[in-house]
Amino acid sequence: MPNLGFVNAELIVQEGGLPPLVDLLSSSNEGIQQQAAGALWSLSVNAENHVKVVREGALPYMVRLLQSGNPKIQEQAAGTLRNLAVNDENKIKIVQEGALSHLVQLLRSQHDPVLIQAAGCVRNLSVHPQNEFKIVQEGGIKPLVDLLRSPNYKVVEQAAVALRNLSVNDANKVYFGTDGALPPLIALLRSPQVVVQEQAAVILRNLSLTSDNERNIIQEGGLPAIISLLRTNEARLQVHAAVILRNLSVNSDSEIKIVQEGGLPPLINLLRSSDVDVQENTAGALRNLSENDQNKVRIVQEGALAWLVPLMRTPSFKVLEQVVMVLWNLSINADNKVRMADKGVLPSLVSLLRSPEERIQELAVGTLRNLSIQHDNKSRIVQEGALSGLVLLLKSPIVNILQHASGTLRNLSVREGNDVKMAVEGAIPPLIALLSHPSTEVQLHACGAIRNLSVNDENKVKIADAGGINPLVSLLSSGTTQARENAAGALWHLAVDRSNQSSIARANGISPLVTILDDGTVQAHKYAA
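Residues numbered from 1 in each chain as written. Predicted model: local features only at pLDDT ≥ 70, side-chain atom pairs only at ≥ 80, totals over all residues. Heavy atoms only, no water.

A short note on the overall build of the chain
Okay, so step 1: Scanning the chain from terminus to terminus reveals 39 helices and zero strands.
Okay, so step 2: For the chain, the C-alpha radius of gyration of 34 Å lies well beyond 24 Å, the compact-globule estimate for 529 residues.
Okay, so step 3: Principal-axis analysis of the C-alpha atoms gives the chain an extent of 115 × 45 × 40 Å.
Okay, so step 4: Counting across all 529 residues of the chain, residues that qualify as buried make up 58%.
Okay, so step 5: Accessible area of the chain: about 22,200 Å², with a carbon and sulfur share of 48%.
Okay, so step 6: Looking at charge distribution, the chain has the averaged site of its 47 positive side-chain charges lying 4 Å from that of its 50 negative ones. (Helix = DSSP H or I, 4+ residues; strand = E, 2+ residues; numbered from the N terminus. Rg over C-alpha atoms; globule rule 2.2 N^0.38 Å. Buried < 20%, exposed > 50% of the residue type's maximum accessible area, 1.4 Å probe, protein only. Areas by Shrake-Rupley, 256 points an atom, 1.4 Å probe, with all protein chains shown as cover. Lys, Arg positive; Asp, Glu negative; His and termini not counted. Charge placed at Lys NZ, Arg CZ, Asp CG, Glu CD.)

Quick look at the packing of aromatic side chains
Okay, so step 1: The tally for this structure, following the rule as stated, stands at one aromatic pair.
Okay, so step 2: Centre to centre, the rings of Phe133 and Tyr175 are 6.3 Å apart; their planes meet at 55 degrees, and the pair counts as tilted. Here the residue Phe133 occupies a position in helix H10 (residues 129-137), and Tyr175 occupies one in helix H13 (residues 170-178), the gap between them amounting to 42 residues.
Okay, so step 3: What makes Phe133 partly exposed here is its relative accessible area of 29%. (Phe/Tyr/Trp six-rings, centres within 6.5 Å; stacked < 30°, edge-to-face > 60°.)

Points about helix H19 (residues 252-260)
Okay, so step 1: Buried within H19 we find Ser254, Glu255, Ile258 and Val259. Here the buried residues of H19 occupy an arc of 135 degrees about the axis, which is enough to place them on one side.
Okay, so step 2: Residues of H19 that are buried sit in contact with helix H16 (211-219), helix H17 (223-229), helix H18 (235-248), helix H20 (264-270), helix H21 (276-289) and helix H22 (293-301).
Okay, so step 3: Immediately beyond the C-terminal end of H19, within one or two residues, lies Gly262, with a positive phi of roughly 90 degrees. (Arc of directions from axis to C-beta. Contact = heavy atoms within 4.5 Å.)

Some details on the environment of Leu476
Okay, so step 1: With respect to the element layout, Leu476 can be found in helix H35 (residues 469-478).
Okay, so step 2: The spatial distance from the C-alpha of Leu476 to the C-alpha of Gln322 is 41 Å, given a sequence separation of 154 residues.

Brief notes about the environment of Val496
Okay, so step 1: Its place among the elements puts Val496 in the loop between helix H36 (481-494) and helix H37 (498-506).
Okay, so step 2: A relative accessible area of 60% means that Val496 is categorised as exposed.
Okay, so step 3: Residues Val496 and Arg369, 127 residues apart in the sequence, show an inter-C-alpha distance of 31 Å.
Okay, so step 4: When residues no more than four places from it in sequence are discounted, the contact partners of Val496 are Lys460 and Gln501.

Some words on the side chain of Glu75
Okay, so step 1: Following the sequence through the fold, Glu75 ends up in helix H6 (residues 71-84).
Okay, so step 2: If we skip the residues at most four places from it in the chain, Glu75 touches Trp41, Pro113, Val114 and Gln117.

Side note on the pattern of salt bridges
Okay, so step 1: As enumerated under the stated definition, the model contains 12 salt bridges in all.
Okay, so step 2: Close ionic contact of Asp212 with Arg215 constitutes a salt bridge, the shortest N to O distance being 2.5 Å. With a gap of three residues between them, Asp212 and Arg215 both fall in helix H16, about one helical turn apart.
Okay, so step 3: In this structure, Lys460 engages Asp457 in a salt bridge whose closest nitrogen and oxygen atoms are separated by 3.3 Å. Taken together, the residues span about one helical turn, with Lys460 and Asp457 both in helix H34 (residues 457-465) at a distance of three residues.
Okay, so step 4: One continuous salt-bridge network, built from bridges that share partners, spans Glu321, Arg359 and Glu362. (Salt bridge = Lys/Arg side-chain N within 4 Å of Asp/Glu carboxyl O.)

Comments concerning the packing of helix H30 (residues 399-412) against helix H33 (residues 440-453)
Packed helix pairs are characterised by how far apart their axes lie and by the angle those axes make with each other.
Okay, so step 1: Two numbers describe how H30 lies on H33: the axes approach to 8 Å, and their chain directions differ by 20 degrees. By the angle class used here, H30 and H33 are roughly parallel. Where H30 crosses over H33, the handedness of that crossing is left-handed. On H33, the residues that touch Val399, Leu402, Gln403, Ser406, Gly407, Leu409 and Arg410 of H30 are Glu441, Val442, Leu444, His445, Ala446, Gly448, Ala449 and Asn452.
Okay, so step 2: Residue composition of the contact of H30 with H33, grouped by class: seven nonpolar, six polar and two charged. (Axes fitted to C-alpha atoms, helices over the stretch in contact; angles between N-to-C directions. Parallel < 35°, antiparallel > 145°, perpendicular 65-115°, else oblique. Left-handed = near helix turned anticlockwise from the far one by under 90°. Nonpolar A, V, L, I, M, F, W, Y, C, P; charged D, E, K, R; others polar.)

As for the packing of helix H9 (residues 112-125) against helix H12 (residues 153-166)
Okay, so step 1: For the pair H9 and H12, the least separation of the axes is 8 Å and the interaxial angle reads 20 degrees. When the interaxial angle is binned, H9 and H12 end up roughly parallel. Between H9 and H12 lies a crossing of left-handed hand. Seen from H9, the contacting residues are Asp112, Leu115, Ile116, Ala119, Gly120, Val122 and Arg123; seen from H12, they are Lys154, Val155, Gln158, Ala159, Val161, Ala162 and Asn165.
Okay, so step 2: Among the residues making up the contact of H9 with H12, the classes are represented as eight nonpolar, three polar and three charged.

Regarding helix H8 (residues 99-106)
Okay, so step 1: Listed in full, the buried residues belonging to H8 are Ala99, Leu100, Leu103, Val104 and Leu106. The buried residues of H8 all sit within an arc of 155 degrees when viewed along its axis, so they share a single face.

A short note on the side chain of Asn288
Okay, so step 1: Summarising the element assignment, Asn288 is placed in helix H21.
Okay, so step 2: One polar contact links Asn288 to Ser249, side chain to side chain, over a distance of 3.3 Å.
Okay, so step 3: Setting aside anything within four residues of it in sequence, one finds Asn288 in contact with Arg246, Ser249, Val250 and Glu255. (Polar contact = N/O pair within 3.5 Å; in protein donor to acceptor, adjacent residues only side chain to side chain.)

Printed below as a string of structure tokens:
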């Protein structure tokens, strides 16, 4: 590019030099064209000239010069349009002037300077959403993909950024697969140039959002290169790699393959990162991987709990959400229930019951519900002070939280000694209130908890005094089969107290108990009798 210097360039414009320069572009003399195009290329570097050059009518001439047989003029024309395309309005005008087809043709040039400017221009044009699909319609993806194999780093960078912009559009994603983009993109993940690595990773990140590309990335052997990025020292590359794996792991087959390719150790290691984006997306990938039953065991065996537990104290909602979702999935496995308690998960989970974020409350109480199935955990959870938080959640407006809180208390109430502690913490009144909740699952768990609590003699009195008999009798007629069984069981326990017998009769409980003898479960028959 001719170096006019900023001052000289400014003076040329101030002195009215733009119109004659634009006129010279139409000269039949190739040398004059080259000098004029070179001068305008220099002037177009200045952002203030972007509108002025276009206003003087330069675009049609520049588009015509893209078709020149002279590589130098092609470079100058493409370079000028590249600079002008920084302006949003010019992005549209350049395409309207018909430049795209000629720029795409120049992407097949044998001259690197031409390739750099043509790809750079397409890169700038592709930022505008109106141009994204038009570039694809002009056949732009295939030559850009071919440029990814260029030995010239600058050519590769421009092509990669253009493809990155195009890969954001969902309608474009399918063309990347059909135009053979995946193999060179995967190869570029191992480029010595971090900038190129990042562009390739971002493209694959965008492409991995579609089911076809998910499968194709793995079939093309992409996993080892993606996993290798997790081991780099560049946080941005770590984030992109984690997001790709997070997207790929939505597929059940991919969950297994990622682990088989050695993805777990580097992912778990990244939980130690101080970068919040790395933490979030690493935990997000582990969350998806932990959906698989075998992976639930492997993740714990690989030592993930040692880093997940500290992250439960993070101030970042996004990180915390993913971390607790991982723990929820892990807690489904029977062996993990003990390991998780041993590794110190319980105190933080109990603390999160009082989180100001309802989503975190839901995840924490759901995880506790899973852990509370294990016999020893029933005592450990109570010892960690969970009851007060669980009782508070019984008044939540969120149905899922109510289901998990009442379900957890139902599980805990089976363990001897917990029934008294739950009553002391005030669990009985809110549980009774939930017997009339619209959700049948909430009714079921609340009734199950009341049934277990009613075994204790002191609780028999407390349940009756709190008005528990009437809603229990109502459930004998309106509840699900299991809820009716639980209600009958609770009433059977309460009827041991003579005063409660009279209360059950006054609540018209005899008739529905007789009905249960005819159509209830075997256990319900026992209680009704």
